[in-house]
There are 2 protein chains.
Amino acid sequence: MSRAAYHHGDLPQQAHQQALDILRAESDTAISLRAIAKQIGVSAPALYRHFADRETLLAELAITGFQWLRDRLRQVEQDDPRKALLHIGLAYVSFAQDEPHLYRLMFGGRILPKGAHPRLDEAGLEAFRVLESTLARGQREGYLKPLPLPLMTATAWSLVHGLSELIIDGHLPGADAEPRLAESVLTLLLHGSRNEPESHTEDTTP
Amino acid sequence: MSRAAYHHGDLPQQAHQQALDILRAESDTAISLRAIAKQIGVSAPALYRHFADRETLLAELAITGFQWLRDRLRQVEQDDPRKALLHIGLAYVSFAQDEPHLYRLMFGGRILPKGAHPRLDEAGLEAFRVLESTLARGQREGYLKPLPLPLMTATAWSLVHGLSELIIDGHLPGADAEPRLAESVLTLLLHGSRNEPESHTEDTTP
DNA sequence: TAACATTGTTAACACCGATAACATAACATC
DNA sequence: GATGTTATGTTATCGGTGTTAACAATGTTA
């Protein structure tokens, strides 16, 4: 063997990239440490010098995914708070559509149990805070009902997350036929679902 | 070997139950055909006489999951259409909370690719139709805005699905502290998120 | 240069899903 | 009742996986 290549020097980054490529092309289950090692040209146990185990490698992928999502949400124009909410939702769904396998890994749940990878939890929280602060701003500016912020964020996040998953899993056949579905769904939440525009602000806990 | 036990007679049902037990206690990844076979007291390849492969067995579990979900949604009182919508949403989230691993399997996406198991797709559709028909009834009775039904169902389903996943994955810490979170979130969608109760029914596609 | 830490290696363990070839039981038909 | 067919088991085996142990080579530093 060429003695220059014994210490690879770039192994963790290359393994990370390789795993990401496989994830995008196939799914998380298709990620095999042995296959990655072979592709890079290194023995399989070498990976264990840089990743505690397979799950930790997957967690690293999910972390970068949350960073990308956070960045994309931050890039949304925040001029008009009404449009900001819609556009943040659209950016969120677009991210899931652009990176379906990565998104599933980030929110898989069964994989990557919460609490096992603190940096992952923190990365998820950072992305979440972008959504939260936008909602808080909408409330401050009087555009949104002055309901408890956790309730607002839970509702908004549930909608965009659920919509993202249903779309990328093909449960909403209208997603392809109707490219503005996400826009309509988000607008429906923003405008409310009630027919009679009564002011039932006290009625949230009947 | 006791000749009476050669033909087991109850193998598929027992394998199904065993897999379901493992799924509930651990996760879908913990389901191993070999382990199931050993527990039942049969050789591993015997399972292949009843299930094409591991994925098909998982699909069977998901099918029964969708049937349970459908039944629980059907059991919801439908007297008051306004309450019916809320209660169907609550029943949906409760199911996910009661059967988190099963719910993740049903909506995992990465596993059980859509189209690969027609009976599974049909079972999912049946559960979906309960939600759809309740929404349609709400529109007929004038309680809900006369928006396109696919838009209404996509929105409602996205919300309950997203809420369910975020809760069972522990992303909404308020779920334990605030048992009425689901109720509040669903009510928020029903009442609308807008502060000014204008009638923007034409404004869904700005 | 010698000691040490880092980062590779090969060998091996304990699993896994899946298939092939074969054996037994149940059953249908003459 | 004997016989051929089908259903349902068996054992043996293949190729694959994550992971660990024991060892070797390189890089770093006193």
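Residues numbered from 1 in each chain as written. Chains lettered and ligands numbered in written order. Predicted model: local features only at pLDDT ≥ 70, side-chain atom pairs only at ≥ 80, totals over all residues. Heavy atoms only, no water.

### Details of the overall build of chain A
Point 1. From N to C terminus, chain A includes 9 helices and 0 strands.
Point 2. Secondary structure of chain A in N-to-C order comes out as α-α-α-α-α-α-α-α-α.
Point 3. Within chain A, the proportion of its 206 residues that are buried is 52%.
Point 4. Partitioning the intrachain contacts of chain A with sequence separation of at least 6 by distance along the chain shows that 65% fall at a separation of at least 24. (Helix = DSSP H or I, 4+ residues; strand = E, 2+ residues; numbered from the N terminus. Buried < 20%, exposed > 50% of the residue type's maximum accessible area, 1.4 Å probe, protein only. Contact = heavy atoms within 4.5 Å.)

### Section: the UniProt feature "DNA-binding region" (unreviewed entry) in chain A
Point 1. Residues annotated in UniProt with the feature "DNA-binding region" (unreviewed entry) correspond here to residues 32–51 of chain A.
Point 2. Overall, residues 32–51 of chain A shows 40% helix and 0% strand. The separation of its end C-alpha atoms is 13 Å. (UniProt positions renumbered as here; feature names shortened; annotations may be inferred.)

### Section: the packing of helix 4 (residues 81–98) of chain B against helix 6 (residues 118–140) of chain B
All names here are of chain B.
Point 1. Remark: helix 4 packs on helix 6, axes separated minimally by 10 Å, with the N-to-C direction vectors making an angle of 160°. Here helix 4 is positioned roughly antiparallel relative to helix 6, judged by the angle of their axes. The chirality of how helix 4 crosses helix 6 is left-handed. Here Ala84, Leu85 and Ile88 of helix 4 come into contact with helix 6, specifically with Val130, Leu131, Thr134 and Leu135.
Point 2. Looking at the contact of helix 4 with helix 6, its residues break down into 6 nonpolar, 1 polar and no charged. (Axes fitted to C-alpha atoms, helices over the stretch in contact; angles between N-to-C directions. Parallel < 35°, antiparallel > 145°, perpendicular 65-115°, else oblique. Left-handed = near helix turned anticlockwise from the far one by under 90°. Nonpolar A, V, L, I, M, F, W, Y, C, P; charged D, E, K, R; others polar.)

### Considering the UniProt feature "domain: HTH tetR-type" (unreviewed entry) in chain A
Point 1. Mapped onto this numbering, the UniProt entry annotates "domain: HTH tetR-type" (unreviewed entry) at residues 9–69 of chain A.
Point 2. Regarding residues 9–69 of chain A, the helix share stands at 64% and the strand share at 0%, and the terminal C-alpha atoms are separated by 29 Å.

### A few points about helix 6 of chain B
Point 1. Here helix 6 of chain B contains 23 residues, and its C-alpha end-to-end distance of 32 Å stays within 8% of the 33 Å for a straight helix at 1.5 Å per residue.
Point 2. Following helix 6 of chain B by one or two positions, Gly142 of chain B adopts a phi angle in the positive range, close to 80°. (Expected span 1.5 Å × (residues − 1).)

### Comments concerning the packing of helix 4 (residues 81–98) of chain A against helix 9 (residues 181–191) of chain A
Residue and element names in this part refer to chain A.
Point 1. For the pair helix 4 and helix 9, the least separation of the axes is 10 Å and the interaxial angle reads 140°. Viewed along their axes, helix 4 and helix 9 adopt a mutual orientation that is oblique. The handedness of the crossing between helix 4 and helix 9 comes out as right-handed. Contacts from Leu85, Leu86, Gly89, Leu90 and Val93 of helix 4 reach helix 9 at Ala182, Glu183, Leu186, Thr187 and Leu190.
Point 2. Of the residues contributing to the contact of helix 4 with helix 9, the split by class is 7 nonpolar, 2 polar and 1 charged.

### Remarks on the packing of aromatic side chains
Point 1. Applying the stated criterion across every chain yields a total of 10 aromatic pairs over all chains.
Point 2. Centroid distance Tyr92 of chain A to Tyr103 of chain A: 5.9 Å. Interplanar angle 80°. Geometry classified as edge-to-face. Taken together, the positions of Tyr92 of chain A in helix 4 and Tyr103 of chain A in helix 5 (residues 100–106) put the pair 11 residues apart, joining distant regions of the chain.
Point 3. On the basis of relative accessibility, which here comes to 4%, the residue Tyr92 of chain A falls in the buried class.
Point 4. Ring geometry for Phe128 of chain B against Trp157 of chain B: centres 4.9 Å apart, planes inclined by 40°, an arrangement best described as tilted. In this pair, Phe128 of chain B is assigned in helix 6 and Trp157 of chain B in helix 7 (residues 149–168), connecting sequence segments 29 residues apart. As far as the burial class goes, Phe128 of chain B and Trp157 of chain B line up, both buried. (Phe/Tyr/Trp six-rings, centres within 6.5 Å; stacked < 30°, edge-to-face > 60°.)

### Some details on the side chain of Arg70 of chain B
Point 1. Locating Arg70 of chain B in the fold gives a position in helix 3 (residues 54–74).
Point 2. The exposure class assigned to Arg70 of chain B is buried, which follows from its relative accessible area of 15%.

### A short note on the pattern of salt bridges
Residues and elements named next belong to chain A.
Point 1. For the coordinates displayed, the defined rule picks out 18 salt bridges over all chains.
Point 2. Two residues, Arg24 and Glu99, come together in a salt bridge whose shortest N-O distance is 2.6 Å. You can see Arg24 sitting in helix 1 (residues 11–25) and its partner Glu99 sitting in the loop between helix 4 and helix 5, a full 75 residues away along the chain.
Point 3. Taking the shortest distance from any N to any O, the salt bridge between Arg104 and Asp169 comes out at 2.7 Å. Of this pair, Arg104 sits in helix 5 while Asp169 is found in the loop between helix 7 (149–168) and helix 8 (174–177), placing the two residues 65 residues apart along the sequence.
Point 4. Residue classification places Arg104 among the buried residues on the basis of a relative accessible area of 9%.
Point 5. For Asp169, a relative accessible area of 11% puts it in the buried group. (Salt bridge = Lys/Arg side-chain N within 4 Å of Asp/Glu carboxyl O.)

### Describing unusual backbone geometry
Point 1. The phi torsion at Leu112 of chain B lies on the positive side, around 45°, for a residue other than glycine.
Point 2. Mapped onto the fold, Leu112 of chain B is located in the loop between helix 5 (100–106) and helix 6.

### Examining the side chain of His16 of chain A
Point 1. Relative to the assigned elements, His16 of chain A resides in helix 1.
Point 2. Leave out the neighbours within four places in its chain, and His16 of chain A touches Leu57, Glu60, Leu61 and Thr64 of chain A.

### Here's the deal with the nonpolar core
Nonpolar side chains in soluble globular proteins generally cluster together in the buried interior.
Point 1. Among the nonpolar cores identified, the biggest contains 136 residues, and Ile36 and Trp157 of chain A together with Ile36 and Trp157 of chain B are the most heavily contacted of them.
Point 2. Residue contacts for Trp157 of chain A: discarding those within four places in its chain leaves Tyr92, Phe107, Phe128, Leu131 and Gly162 of chain A together with Leu166, His171 and Leu172 of chain B. (Core = buried A, V, L, I, M, F, W, Y, C linked by side-chain atoms within 4.5 Å.)

### A short note on the environment of Leu144 of chain A
Point 1. Looking at where Leu144 of chain A falls in the secondary structure, it is placed in the loop between helix 6 (118–140) and helix 7.
Point 2. Along the sequence, Leu144 of chain A and Pro81 of chain A sit 63 residues apart, while their C-alpha atoms lie 9.8 Å from each other.

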